[in-house]
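Chain by chain, the residues run as shown.
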Amino acid sequence: MPLLRIHTSVSGISSSDHEQIHKSGARILSEQIGKSTDYVMVMLHLDQSMSFALDEGSDCPYLEVKNVGELKPDLTSKISSLLTDLVSSNLRVPANRVYIEFQESQRHLWGWNGGTFG
């Protein structure tokens, strides 16, 4: 049920960077949130039209982390650090050009396998 969605203006990355983002992103959410990787989804959207600080010429990523259940401040801080390191190194963008949005969902608002978690 944890979801990591990454939108970035970076247009192309190596297959090893692509794999690293998917696998490490899933592992980070699984370990930090305490849920099995069997339920973690990672989406990577490359070559998005994006700007940051009125600058369309420099690459930037926007990440969304969604979870069923609470995301406490110390947890979001830790996840933010780990995910920023991951995308900065694999997308080759400076950490100060990374935004991350965290969202909590109630169990009945997250569907899976024809039902919900509620």
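Throughout what follows, the structure given in this document is the object of discussion.

Reading the values: the criteria
- Residues numbered from 1 in each chain as written.
- Predicted model: local features only at pLDDT ≥ 70, side-chain atom pairs only at ≥ 80, totals over all residues.
- Heavy atoms only, no water.
- Pairing = 2+ DSSP bridges.
- Helix = DSSP H or I, 4+ residues; strand = E, 2+ residues; numbered from the N terminus.
- Axes fitted to C-alpha atoms, helices over the stretch in contact; angles between N-to-C directions.
- Contact = heavy atoms within 4.5 Å.
- Phe/Tyr/Trp six-rings, centres within 6.5 Å; stacked < 30°, edge-to-face > 60°.
- Buried < 20%, exposed > 50% of the residue type's maximum accessible area, 1.4 Å probe, protein only.

### A word on the sheet that holds strand β4 (residues 99–105)
Hydrogen bonds between backbone atoms are what pair the strands of a sheet, whose relative direction is either parallel or antiparallel. Strand order in the open sheet formed by four strands is β2-β1-β3-β4, with mixed pairing between adjacent strands. Two strands close off the open sheet at either side, each with one partner strand: β2 (41–45) and β4. Neighbouring strand axes in the sheet, compared pairwise and without regard to direction, differ in orientation by 10° on average. Strand direction decides the pairing type here: strand β3 (residues 61–68) and β4, joined by seven bridges, are parallel. Pairing of V68 across the sheet is with S105, part of β4. Here helix α1 (residues 15–33) sits on the sheet in contact with β1 (3–8), β2 and β3, set at roughly 140° to β2.

### Overview of the packing of aromatic side chains
Applying the stated rule across the entire model yields four aromatic pairs. Between F52 and Y99 the ring centres are 4.9 Å apart and the planes differ by 90°, which places this aromatic pair in the edge-to-face class. With a gap of 47 residues between them, F52 in the loop between β2 and β3 and Y99 in strand β4 connect regions that are remote in the sequence. For Y99, a relative accessible area of 52% puts it in the exposed group. Consider the rings of W112 and F117, whose centres lie 5.7 Å apart with planes at 10°: the pair is stacked. An aromatic cluster of three or more residues is present, and its members are Y39, W112 and F117.

Remember, this is a structural readout, not a statement about activity or role.
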